[in-house]
Amino acid sequence: MSLELALLAWGTFVGLDLVTVPQVMIARPIVAGPLAGLILGDVWTGLAVGMLFELFQYDVLPVGAARYPEYGPATVAAVTAAHAAAGPLGIGLGAVVGLVTALAGGISIHVVRRLNARAMHAASDRLEAGDTRALMRLHAAGIGRDAARAALVTGLGLALARLARDIVAVPLTVRGATWLSVAAVGAALAAAAAGTLRVVGRGPSLRWFAAGLVGGAALAWLR
Amino acid sequence: MSAPRRRRPGLGLSLLRLFAVQGAYDYERMQGIGVGVAEEALLRDLRVAGDGAAYRAAVARGAHFFNAHPYLCGLAVGAAARAEHDGVPPAQVERLRAALCGPLGSLGDRLVWAGWLPLTSALAMMGVALGLDLWAVLGFLVVYNVGHVALRWWALRAGWNHGTRVAAALHQPVLQRAAALSGPAMAGAVGLALPLAAQYLTAPFPEQSRRALAVVAAGGFLLLWWRRGTLTGLRFGLTLLALAALAAWLWR
């Protein structure tokens, strides 16, 4: 129970960091995952799942008011599911839980923004009168709303992880777990490559991307 | 040429509040409420000077619509607060804020979201893949945030120092050079990281699965590229996992 509370608290901080405060990038899966792994005493799973979702994150460019999946709390839930599945092939099960949670996280951000707009409308007269107290209260309530949202999303993810452990992981054969993991890593690599290429475009950076790929492949082959 | 220097009221408090600039983000005023909260710390001198009406009017203006890159909002906060102190007409302050949205958004997106962040994250992934484990993660947090906090602080100070002439700050050679270099650096680093990440993640896989993975990744990339704008990595991943789960259930 205390482990789940610690994961819930970590997921809430991670969810709050994405947009609201302080945007120091603990919301990045490469940070959220390993720390969740550390809480569970399984750093390798945390690093692997963190890296997997970091690859998915490259598909997202959070510009303007764009809607996007939330991979931070999703990574915390995914690490929990992968850890419960025990074994390196649990990464596929983690991906199932994480991607569903990321989808829910993205929707919840949209809902909170609409709630913020409603609260802003209710206080608009006071805001136009330059009422500092109303301004501060509105701002603090927005942060509180996002904290509650992040906690709910993380809670949902942890519930899904428990469900996956109890229902899905038991009948899953080694072959099935391998297929899920292959699908998860393949999709993550495809998303990262396509997302990066969209940002890089056809300009001079494309040559750098190609050179990097060749260099990385050579480095991987030499190891 | 910048406006003459004057005492800087509450820059530290304003900087702290800027870390929560998107605290009450909504689809109408966007970052307006957060920008208003950050700017209020710089407007208190107006109230202390006995001009309560000017203070309240400035606070109200500060909370109007604003949308830019969150790390660079400080530039608009500082510039607008300075303009209020300098007695610039309200309509001109509003125009200044409106004019800054586009350039600050565009610069921040290029410099941070499409440059510094993926660059440092790719370096972290390389570090993890090469065996640095948690040190790579810690290194990412430190290096990324040195740039992040420096950019926020620079933006706020530059806004306050330049006031209505803040456009000059955006043309600083260092900033332009950083924006120009961040794209190629990010592209090279992500290119390097992808094969290493693939190797790290597939280490526990049997040989045959690695070949299947190469086919899945290549096919998925082509599909995502062909259907860009409609098919996202998340939807593709969920579909692929559903298919894999179905196949695993049918072929037990």
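So, a few notes on the structure that sits alongside this text. (Residues numbered from 1 in each chain as written. Chains lettered and ligands numbered in written order. Predicted model: local features only at pLDDT ≥ 70, side-chain atom pairs only at ≥ 80, totals over all residues.)

## Digging into helix 4 (residues 71–85) of chain A
Residue and element names in this part refer to chain A. Here is the rule we go by: The helix and strand labels rest on DSSP assignments: H or I over at least four residues marks a helix, E over at least two residues marks a strand, and numbering proceeds from the N terminus. By definition here, a helix of n residues has an expected span of 1.5 Å times n minus one. Exposure in this text rests on C-beta crowding, where 20 or more other C-beta atoms within 10 Å of a residue's own make it buried, 12 or fewer make it exposed, and counts in between make it partly exposed. The C-beta atoms are placed from the backbone.
End to end, helix 4 covers 20 Å across 15 residues, agreeing with the expected 21 Å (1.5 Å per residue, within 8%). In terms of burial, helix 4 is largely enclosed, as 15 of its 15 residues are buried. A positive phi of about 50 degrees marks Ala86, the residue just after helix 4.

## Side note on the interface of chain B and chain A
To keep things clear, this is the line we draw: This entry defines residue contacts through backbone-placed C-beta atoms, with two residues in contact when those atoms are within 7 Å. Classification convention: Asp, Glu, Lys, Arg as charged; Ala, Val, Leu, Ile, Met, Phe, Trp, Tyr, Cys, Pro as nonpolar; all other residues, Gly among them, as polar.
Contacts between chain B and chain A engage 84 residues on the former and 89 residues on the latter. Secondary-structure elements contributing two or more residues to the side of chain B that touches chain A are helix 2 (32–48), helix 3 (52–62), helix 5 (90–129), helix 6 (134–162), helix 8 (173–202), helix 9 (207–226) and helix 10 (233–250) of chain B. Top element by residues in the side of chain B that touches chain A is helix 8 of chain B. It accounts for 18 residues. By residue class, the composition of the side of chain B that touches chain A is 56 nonpolar, 19 polar and nine charged.

## Looking at the environment of Ala27(A)
All names here are of chain A. Mapping Ala27 onto the fold places it in the loop between helix 1 (2–19) and helix 2 (29–40). Judged by C-beta crowding, with 23 C-beta atoms within 10 Å, Ala27 ranks as buried. Sequence separation of Ala27 and Asp166 is 139 residues, and the distance between their C-alpha atoms is 28 Å. Not counting chain neighbours up to four residues away, the residues in contact with Ala27 comprise Val14, Asp17, Leu18, Ala32 and Gly72.

## Quick look at the nonpolar core
Where a protein is soluble and globular, its nonpolar side chains tend to be buried together. Counted only if it meets this: By definition, a nonpolar core groups buried Ala, Val, Leu, Ile, Met, Phe, Trp, Tyr and Cys residues that are joined through C-beta atoms within 7 Å.
By size, the foremost hydrophobic cluster in this structure holds 160 residues, and its most contacted members are Met51(A), Leu52(A), Ala191(A), Ala76(B) and Ala197(B). When sequence neighbours within four positions are dropped, the list of residues in contact with Leu52(A) reads Ile91(A), Ala95(A), Ala184(A), Val185(A), Ala188(A) and Leu201(B).

## Quick notes on the packing of helix 5 (residues 91–122) of chain A against helix 8 (residues 174–200) of chain A
Think of two packed helices as two axes; the pair is described by the angle between the axes and how far apart they sit. Residue and element names in this part refer to chain A. To keep things clear, this is the line we draw: Fitted lines through C-alpha atoms give the axes, limited to the stretch in contact for helices. The angle between two N-to-C directions lies from 0 to 180 degrees. To sort the angles, those under 35 degrees are grouped as roughly parallel, those over 145 as roughly antiparallel, those from 65 to 115 as roughly perpendicular, and the leftovers as oblique. By convention the crossing between two helices is left-handed if the near helix lies anticlockwise of the far one by an angle smaller than a right angle, and right-handed if it lies clockwise.
Between helix 5 and helix 8, whose axes approach to 7 Å, the crossing angle comes to 60 degrees. What the angle tells us is that helix 5 and helix 8 run oblique. By crossing handedness, the relation of helix 5 to helix 8 is classed as left-handed. Residue-level contacts link Ile91, Gly92, Leu93, Ala95 and Val96 of helix 5 to Ala177, Leu180, Ser181, Ala183 and Ala184 of helix 8. Taken together, the residues that form the contact of helix 5 with helix 8 break down as eight nonpolar, two polar and no charged.

## Thoughts on helix 3 of chain B
This is how the line gets drawn: Note that the arc is defined by the directions from the helix axis to the C-beta atoms.
If you check which residues of helix 3 of chain B are buried, you get Tyr55(B), Ala58(B), Val59(B), Arg61(B) and Gly62(B). Relative to the axis of helix 3 of chain B, the buried residues are bounded by an arc of 160 degrees and lie together on one face. Opposite the buried face of helix 3 of chain B, by more than 90 degrees, sit the exposed residues Gly52(B) and Ala53(B). In this structure, the buried residues of helix 3 of chain B make contact with helix 7 (132–168) of chain A together with helix 2, helix 4 (73–85) and helix 5 of chain B.

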